[in-house]
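If you want the building blocks of each chain, they are given just below.
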Amino acid sequence: MMLLRLFWEFFKIGLFAVGGGMATIPFLYDLSDRTGWFTYTQLADMIAISESTPGPIGVNMSTYVGYEMAGIAGSIFTTLGFVAPSIIIIVIVSIFLQKFRDNRYVESAFYGLRPASSGLIASAALSVAIVALLADGWSFGTLWQSIRWPAVALAVFLAIVTNLKQTKKWHPIVFLGFSAVVGIVFHFGGV
């Protein structure tokens, strides 16, 4: 029964996460709230791992959650659930491609989806920033004390370094590796 529930939950996420893998993150926060399968901190770890492994982040995250919940079978069911809506939609669209190509309603719908997709991605970025830069249990009253200053310093440093002319073309894995080493050396997980 758990495998079917995993499939269904990730089918719904795959169906409505328009705009790429980062757009799935708000749906995963909702899934966490509804099921208790993982905490926000675990979700932040999943995002980090999914971002640093090859492949689409949405697929990587669904596979990761499935594996954590029900092993290899869970990872297969969540991944299939996540990609099934895309496959179904692509097959349907390809059948009617010529009819849809010049349809003004379809064109308008896609135009309207752009801001929604941008909003989902911005929401995901904000959620990840809060988990990464603020201590668990933070509130606006204790905001100053709840800030993880080493993480903020690393984020500012990386924002500057990744935009320097000399380092702008470096591969992202260099910055991920650097951040991992800094996190290990300075024990960011325990901050």
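Residues numbered from 1 in each chain as written. Predicted model: local features only at pLDDT ≥ 70, side-chain atom pairs only at ≥ 80, totals over all residues. Heavy atoms only, no water.

### A closer look at the environment of D45
Part 1 of the argument: Looking at where D45 falls in the secondary structure, it is placed in helix α3 (residues 40-52).
Part 2 of the argument: Separated by 80 residues in the primary sequence, D45 and A125 have C-alpha atoms spaced 14 Å apart. (Helix = DSSP H or I, 4+ residues; strand = E, 2+ residues; numbered from the N terminus.)

### Topic: the pattern of salt bridges
Part 1 of the argument: Scanning the model with the defined rule gives 4 salt bridges in all.
Part 2 of the argument: Ionic pairing is found between R34 and E9, a salt bridge with its closest N-O pair at 2.8 Å. Note that R34 is positioned in helix α2 (residues 25-35) and E9 in helix α1 (residues 2-16), a separation of 25 residues in sequence.
Part 3 of the argument: A relative accessible area of 44% means that R34 is categorised as partly exposed.
Part 4 of the argument: Note on E9: relative accessible area 5%, which makes it buried.
Part 5 of the argument: Residue R34 is joined to D30 by a salt bridge in which the shortest nitrogen-to-oxygen separation is 2.8 Å. Taken together, the positions of R34 and D30, both in helix α2 and 4 residues apart, correspond to about one turn of that helix.
Part 6 of the argument: A single salt-bridge network, built from bridges that share partners, covers R5, E9, K12, D30 and R34. (Salt bridge = Lys/Arg side-chain N within 4 Å of Asp/Glu carboxyl O. Buried < 20%, exposed > 50% of the residue type's maximum accessible area, 1.4 Å probe, protein only.)

### A look at the nonpolar core
Part 1 of the argument: In this structure, F10, I13, L28, L31, F38, L43 and M61 are the most contacted members of the largest nonpolar core, which totals 20 residues.
Part 2 of the argument: Put simply, the parts of the chain that give this core at least two residues each are α1, α2, α3, α4 (57-95) and α6 (104-133).
Part 3 of the argument: Ranked by size, the runner-up nonpolar core spans 7 residues in total, among them A151, L154, F175 and F188. (Core = buried A, V, L, I, M, F, W, Y, C linked by side-chain atoms within 4.5 Å.)

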